[in-house]
Amino acid sequence: MAEGSSRGAAWNALRLKVLERDRYICAYCGGEATEADHVIPKKLGGKDELANLVAACKPCNSSKGARLGSRITWFNRNWLSRV
Ligand SMILES: [Zn+2]
């Protein structure tokens, strides 16, 4: 169950930027993140850009779909606190 087709060198560089920005902390459970996850899924119009990506650990990143609601809630709250 890979997400989209955004793999390769460009994705890898972007993923590392996200992980460094979020200090390798999973946005969902606070665990050690090794992946980057789309806040808004690509199939819903989300883009491969820093603003639409959060660090996530493997278990959280692989549990797609069910977390859509909570991830958007998290995203909005986090975004508001930065403004
Ligand atoms: Zn996690």
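A brief report on the enclosed structure follows. Since the structure is predicted, the reported quantities are computational estimates derived from the model, not experimental observations.

### Observations regarding the overall build of the chain
Regarding its fold elements, the chain presents three helices and two strands. Expressed as a percentage of the 83 residues in the chain, the buried residues total 22%. Restricting the contact set of the chain to residue pairs at least 6 apart, pairs at least 24 apart contribute 55%.

### Looking at helix α1 (residues 9-21)
The end-to-end C-alpha distance of α1 is 19 Å, a good match for the 18 Å that 13 residues give at a rise of 1.5 Å each. Of the residues making up α1, those classed as buried are Arg 15, Val 18 and Leu 19. For α1, the angular spread of buried residues about the axis comes to 95 degrees, placing them on one side. Seen from the buried face of α1, the exposed residues on the opposite side, beyond 90 degrees, are Ala 9, Ala 10, Ala 13, Leu 16 and Glu 20. Contacts from the buried residues of α1 go to β1 (35-38) and β2 (53-56). Positive phi shows up at Arg 23, right after α1, with a value of about 55 degrees.

### Some thoughts on the nonpolar core
Cys 26, Ala 55 and Ala 56 are the most contacted members of the largest nonpolar core, which has 13 residues in total. Ranked by residue count, the leading element in this core is β2, at four residues. Excluding its chain neighbours within four sequence positions, the residues that come into contact with Cys 26 are Gly 31, Glu 32, Ala 33, Ala 55, Ala 56, Cys 57 and Cys 60.

### Overview of unusual backbone geometry
Unlike most non-glycine residues, Arg 23 shows phi in positive territory, near 55 degrees. Summarising the element assignment, Arg 23 is placed in the loop between α1 and β1.

### Thoughts on the environment of Glu 35
Note that Glu 35 resides in strand β1. When near neighbours in sequence (up to four residues on either side) are disregarded, Glu 35 contacts Arg 15, Ala 56, Cys 57, Lys 58 and Asn 61.

What counts as what
- Residues numbered from 1 in each chain as written.
- Predicted model: local features only at pLDDT ≥ 70, side-chain atom pairs only at ≥ 80, totals over all residues.
- Helix = DSSP H or I, 4+ residues; strand = E, 2+ residues; numbered from the N terminus.
- Buried ≥ 20, exposed ≤ 12 C-beta atoms within 10 Å, placed from the backbone.
- Contact = placed C-beta atoms within 7 Å.
- Expected span 1.5 Å × (residues − 1).
- Arc of directions from axis to C-beta.
- Core = buried A, V, L, I, M, F, W, Y, C linked by C-beta atoms within 7 Å.

No statement about biological role is implied by the geometric values presented.
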